[in-house]
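# Structural features, examined
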Protein chains: 2
Amino acid sequence: MPLQLRSLIRPDATLELSLAEVPQPVPATQDEVVLRMEAAPLNPSDLGLLFGGADMRQAQASGTAERPVITAPLSPGVMAAMAARVGESMPVGNEGAGTVIAGGASPAAQALLGRRVAALGGAMYAQFRAVPAAQCLPLPEGATAAQGASCFVNPLTALGMVDTMRREGHTALVHTVGASNLGQMLNRICLKDGVPLVNIVRQSAQAALLREQGAAHVVDSSSPDFQAELTEAIAATGATLAFDAIGGGKLAGQLLVAMEAAIARRPGQGYSRYGSDVHKQVYVYGSLDRGPIELARGFGMSWGVGGWLLFPFLQKVGPERVQQLKQRVADELTTTFASHYTKELTLAEALTLEAIASYGRMATGEKALIRL
Amino acid sequence: MPLQLRSLIRPDATLELSLAEVPQPVPATQDEVVLRMEAAPLNPSDLGLLFGGADMRQAQASGTAERPVITAPLSPGVMAAMAARVGESMPVGNEGAGTVIAGGASPAAQALLGRRVAALGGAMYAQFRAVPAAQCLPLPEGATAAQGASCFVNPLTALGMVDTMRREGHTALVHTVGASNLGQMLNRICLKDGVPLVNIVRQSAQAALLREQGAAHVVDSSSPDFQAELTEAIAATGATLAFDAIGGGKLAGQLLVAMEAAIARRPGQGYSRYGSDVHKQVYVYGSLDRGPIELARGFGMSWGVGGWLLFPFLQKVGPERVQQLKQRVADELTTTFASHYTKELTLAEALTLEAIASYGRMATGEKALIRL
């Protein structure tokens, strides 16, 4: 029987990762197709569901090389937060690519037979997956599964940031993990579309990498003059919107302070005890730091910090806009939206302590691909 | 010459409060009227401009009883933030009430001659003030200056909270300073309009006061079970929006956590690693605690925290809606929108160390009125 990766939180406060045997899927409706999965990325957005908040530093391996089992303990606090999924063995994997081997009777499903497609929808860490034809993106002729596996999450997230910027009346962007796979993609989009972008990185090597890729504004948060350098870059671009994948710590507040200081330099900005009346926004879309978000004041009263996620964004803009964005991804799959993998793993290899220690770090610029 | 209260930040990092002699104002346009000011409240929103961030615990008095002068030092950090107002002697006072003693030629200005009106617009801590007729609200027959002095800031802020709730699709409210003058007013509005309201107070005596006034949901933040009690009250009301005057500390995050926990109890809410998809919002409209806002996570990804101010709100809803809100204030001036003062001061008495120590505390339920 085909294998599917599963994440289970047991009532004894233990996470258990394993490969389950599941029935071979068939098209359940006339609009469904069945993919023989070929590749699926390990995105940061997959790891929350995969690890369930368990302490992976204490993970232990058991089982066999073909059927590995990983266990790891959950703290009481995390266990309480996970109450709703205790005992429910959950499939994982937001996106991937594969070849359509069966389809329902509808023309849309039949048209995909034999095609290599990318798909979004969970449970992609599996050998087979049935999905609605409408959720598939047919890959351009000659595209490999590795090229297509990350078609959705990073590309649509990066495009969604630029779209959100325009929809909410901003004219430039700040991105706090500039050197990440997503950050490099966003940099390519902004260069192509003429959108001023401030890239924040955490090491000078990352700054050099982004500058080589044409980035005009790169600020290194490890610099002793970070706040001043950030303010300069924000003033140069006029950015009043930032997307932050880090979450915890002081960064969101530092961004607001830098934006407010940059606005204060604009001509005609006199003193107001409430700060400028220009709205400054930070959207937190990730949690690389799960600690508290600390906003030290000093940015006036026209500000917002909030969560941002891809799926609510796609719902908000509607199917027509989503289709346009998807088409752009397909058209620029090997250029703007190229993903780069530093490690390839089989399903079984993904459940080894060594692999988890590597992809679990979510190190900037590193990304693993599961070959199915 | 008439007196006007002034706040000056000197280049030597000293705040100086004094009474300046200013020319008797006359109508500068045909639409202006001149008020002989009679009363003006010391609102928390006035104190930022008045004190300029100076350390008032170190304030010193000089001058005479008729022309007192108060000085207080500013820290280097505050001084840097106040750069734009150094050397500029600023009048203070957002609102007040007085009698119209002169008017321009326009019918609107002439119609107000001899009327007692409330006015909004700064520089109200003065014996006379010229304002556009359109900025005046004629008080009902028989209303006193004390009754009319606080017509705008608190009433329109409280009405603005309920309006914002409706405009942004929420159905209930949380207010974090329930026993304040504004909080008691908001409680009366919500009772009258049938809006479920959770009142947070900081002492049990304040809880009793609000319950006597008909409040159904009062939570005491000094309770050891505060988080659980807050969650219960939020679950009972369905509140997903809070207005917070405190700002610094953990409260905004606690509100989001309580809202998310209350939403999780609703039928049909299964586990999602991103939390519920119900948007939860906290608007910070004050800074009783000027420390950092600390948001400990645990409320999913559908959330926002941001600044909220009366004036941008009024601009957003437009003049027609503002007029409706003002008319409601006039109609319910001595009931829903009654203000209660615990201290009355002359202009000169307002500039004494004793008075500043009292109104500078912004203690809940205490409010001072300047008799002009």
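Source: prediction; values computed, not measured.

All right, on to the overall build of chain A then. Within chain A, the secondary structure is distributed over 13 helices and 20 strands. Its C-alpha atoms give chain A a radius of gyration of 22 Å, within 12% of the compact-globule value 21 Å for 372 residues. Going through the 372 residues of chain A one by one, you find that 55% of them count as buried. Relative to all contacts within chain A whose residues are 6 or more apart in sequence, the contacts with residues 24 or more apart total 71%.

Another point: the domain arrangement of chain A. Residue and element names in this part refer to chain A. Along its sequence, chain A is organised into domain 1 (3-150 + 340-371) and domain 2 (154-312). In this structure, domain 1 and domain 2 have C-alpha centres spaced 31 Å apart. Summed over both sides, the interface between domain 1 and domain 2 buries roughly 730 Å², with carbon and sulfur atoms accounting for 52% of that surface. Ranking the residues of domain 1 by area buried against domain 2 places Leu-120, Thr-364 and Lys-367 at the top, with a combined share of 52%. For the side of domain 1 that touches domain 2, the class distribution of residues is 2 nonpolar, 5 polar and 2 charged.

So, about the relation of the copies chain A and chain B. Mapping chain A onto chain B leaves a residual RMSD of 0.0 Å; the transformation is a rotation of 180° accompanied by 0.0 Å of translation along its axis. On this basis, the relationship between the two copies can be described by a two-fold rotation axis. Closest approach to the rotation axis among the C-alpha atoms of chain A is made by Glu294(A), whose C-alpha sits 2.3 Å away. Most of the interface of chain A is mirrored in chain B: 100% of its interface residues are interface residues there too.

Adjacent strands of a sheet pair through backbone hydrogen bonds, lying either parallel or antiparallel. Residues and elements named next belong to chain B. Spatial strand order, β4-β5-β2-β1-β6: 5 strands in an open sheet with antiparallel pairing. Two strands lie at the open edges of the sheet, namely β4 (60-63) and β6 (90-91), each paired on one side alone. With 4 bridges connecting them, β4 and strand β5 (residues 68-73) associate as antiparallel partners. Counterpart to Ser-62 in the pairing with β5 is Val-69.

Here we take up the pairing of strand β1 (residues 3-10) of chain B. Residue and element names in this part refer to chain B. For β1, the tally of buried residues reaches 7 of 8 residues, placing the bulk of the element in the interior. Inspection of the sheet shows β1 paired to strand β2 (residues 14-21) by 8 bridges, in the antiparallel sense. For Ile-9, the partnering residue across the bridge sits in β2 and is Leu-15. Between β1 and β2, which follow one another and run antiparallel, lie 3 residues, and Ala-13 among them has a positive phi close to 65°. Bridge count between β1 and β6: 2 bridges; the pairing is antiparallel. Considered in β6, the bridge of Ser-7 is made with Met-90.

Bringing the packing of aromatic side chains into the picture now. Tallying each qualifying case throughout the model produces 10 aromatic pairs over all chains. Between Phe299(A) and Trp303(A) the ring centres are 5.1 Å apart and the planes differ by 70°, which places this aromatic pair in the edge-to-face class. The pair formed by Phe299(A) and Trp303(A) is uniform in burial state, with each residue classed as buried. Ring centres of Phe243(B) and Tyr283(B) lie 5.7 Å apart, and the angle between their planes is 35°; this geometry places the pair in the tilted category.

Taken together, the contacts link 34 residues of chain A with 34 residues of chain B. Interface area, chain A with chain B, both sides summed: about 2900 Å², of which 62% is carbon and sulfur. Counting across the interface, chain A meets chain B through 0 salt bridges. For the pair chain A and chain B, the interface holds 9 residue pairs in polar contact (both at pLDDT 80 or more). Only α1 (44-51), β15 (247-249), β17 (289-295) and β18 (303-307) of chain A provide two or more residues apiece to the side of chain A that touches chain B. Broken down by element, the side of chain A that touches chain B gets its largest block of residues, 7 residues, from β17(A). Its residues assigned to classes, the side of chain A that touches chain B comprises 17 nonpolar, 11 polar and 6 charged. As paired strands, β17(A) and strand β17 (residues 289-295) of chain B are joined by 3 bridges and run antiparallel to one another. Within β17(B), the residue paired with Glu294(A) across the bridge is Glu294(B).

All names here are of chain B. Topologically, Ala-61 is positioned in strand β4. Along the chain, Ala-61 and Glu-232 lie 171 residues apart, while their C-alpha atoms are 49 Å from each other. Sequence-distant contacts of Ala-61, that is, excluding residues within four places in its chain, are made with Val-69, Ile-70 and Leu-353.

What follows is about the sheet that holds β18(A). With respect to topology, 12 strands assemble into an open sheet ordered β13(A)-β12(A)-β11(A)-β14(A)-β16(A)-β18(A)-β18(B)-β16(B)-β14(B)-β11(B)-β12(B)-β13(B), the strand pairing being mixed. On the outer flanks of this sheet lie β13 (217-220) of chain A together with β13 (217-220) of chain B, each paired with one strand and no other. Across the sheet, the mean angle from the axis of one strand to that of its neighbour is 15°, orientation sign disregarded. Inspection of the sheet shows strand β11 (residues 173-175) of chain A paired to strand β14 (residues 241-244) of chain A by 2 bridges, in the parallel sense.

Residue and element names in this part refer to chain A. Along the polypeptide, Ser-302 turns up in the loop between β17 and β18. A polar atom in the side chain of Ser-302 sits 3.2 Å from the backbone oxygen of Ser-276. For Ser-302, the contacting residues outside a window of four places in its chain are Ser-276, Asp-277, Val-278, His-279 and Lys-280.

What follows deals with the nonpolar core. In this structure, Leu173(A) and Leu173(B) are the most contacted members of the largest nonpolar core, which totals 144 residues. Sequence-distant contacts of Leu173(B), defined by excluding residues within four places in its chain, comprise Met161(B), Val162(B), Met165(B), Leu186(B), Cys190(B), Pro196(B), Leu197(B), Val198(B), Ala239(B), Leu241(B) and Phe243(B).

If you check helix α9 (residues 251-264) of chain A, its first and last C-alpha atoms are 20 Å apart, about what 14 residues at 1.5 Å a residue would give, namely 20 Å. Where α9(A) is concerned, the buried positions are Leu251(A), Ala252(A), Gly253(A), Leu255(A), Leu256(A), Ala258(A), Met259(A), Glu260(A), Ala262(A) and Ile263(A).

So, about the packing of helix α5 (residues 153-167) of chain B against helix α6 (residues 181-193) of chain B. Residues and elements named next belong to chain B. With their axes 9 Å apart at the nearest point, α5 and α6 run at an angle of 50° to one another. Relative to α6, the element α5 lies oblique. Where α5 crosses over α6, the handedness of that crossing is right-handed. Contacts between α5 and α6 involve Asn-154, Pro-155, Thr-157, Ala-158, Leu-159, Met-161, Val-162 and Arg-166 on the former and, on the latter, Asn-181, Leu-182, Met-185, Leu-186, Ile-189, Cys-190 and Asp-193. Counted by class, the contact of α5 with α6 contains 10 nonpolar, 3 polar and 2 charged residues.

Think of an α-helix as 3.6 residues a turn; residues three or four steps apart then line up on the same face. Residues and elements named next belong to chain B. Counted at 1.5 Å a residue, the expected span for helix α8 (residues 226-237) with its 12 residues is 16 Å, and the 16 Å between its end C-alpha atoms agrees. Listed as buried for α8 are Phe-226, Leu-230, Thr-231, Ala-233, Ile-234 and Thr-237. For α8, the angular spread of buried residues about the axis comes to 165°, placing them on one side. The inward-facing, buried residues of α8 contact β11 (173-175), β12 (197-201), β13 and α9 (251-264).

Cut-off values and rules
Sequence order as written defines the numbering, with residues in each chain counted from 1. Chains and ligands are labelled by the order in which they are written, letters from A for the one and numbers from 1 for the other. Note on the predicted model: pLDDT of at least 70 is required for a residue's local features to be given, and 80 or more for side-chain atom pairs to be given and counted; whole-chain, interface and lining totals, by contrast, use all residues. Only hydrogens and water are set aside; all other atoms, that is, all heavy atoms of the structure, feed into the side-chain values. Each helix is a run of H or I in the DSSP string that is no shorter than four residues. Each strand is a run of E no shorter than two, and both are numbered from the N terminus. Note on method: radius of gyration uses C-alpha positions; expected globular size equals 2.2 Å times residues raised to 0.38. Buried, partly exposed and exposed residues are distinguished by accessible area as a fraction of the type maximum, computed with a 1.4 Å probe on protein chains only: under 20%, between the cut-offs, and over 50%, respectively. What makes two residues a contact is simply this: any of their non-hydrogen atoms within 4.5 Å. For the purposes of this description, domain bounds are those given by an automatic or database domain assignment. For any pair of parts, buried area is found by adding up, for both, the accessible area (1.4 Å probe) each one loses once the two are put together. Note that Gly is not counted as nonpolar here; it falls among the polar residues with everything else outside the nonpolar set of Ala, Val, Leu, Ile, Met, Phe, Trp, Tyr, Cys and Pro and the charged set of Asp, Glu, Lys and Arg. Least-squares superposition aligns the copies on the C-alpha atoms of those residues with pLDDT at or above 70 in both. DSSP calls a pair of strands paired once it identifies at least 2 bridges connecting them. Aromatic pairs are defined between Phe, Tyr and Trp rings, using the six-membered ring for Trp, whenever the two ring centres lie within 6.5 Å; interplanar angles under 30 degrees are classed as stacked, those over 60 as edge-to-face, and all others as tilted. Between Lys or Arg on one side and Asp or Glu on the other, a salt bridge is scored when a side-chain nitrogen of the former is within 4 Å of a carboxyl oxygen of the latter. Definition of a polar contact: a pair of N or O atoms within 3.5 Å, with one able to donate and the other able to accept a hydrogen when the atoms are protein atoms, and with sequence-neighbouring residues admitted only if both atoms are side-chain atoms. Every axis in this analysis is a line fitted to C-alpha atoms, fitted for helices over the stretch in contact. Angles between the N-to-C directions lie between 0 and 180 degrees. Among the buried residues, those of types Ala, Val, Leu, Ile, Met, Phe, Trp, Tyr and Cys that are joined through side-chain atoms within 4.5 Å form a nonpolar core. To estimate how far a helix should reach, multiply one less than its number of residues by 1.5 Å. Angles are sorted into four bins: roughly parallel if under 35 degrees, roughly antiparallel if over 145, roughly perpendicular if 65 to 115, and oblique for all others. In this scheme, a crossing is called left-handed if the near helix is turned counterclockwise away from the far one by less than a right angle; it is called right-handed if the turn is clockwise. To be clear, the arc concerns the directions from the helix axis to the C-beta atoms.

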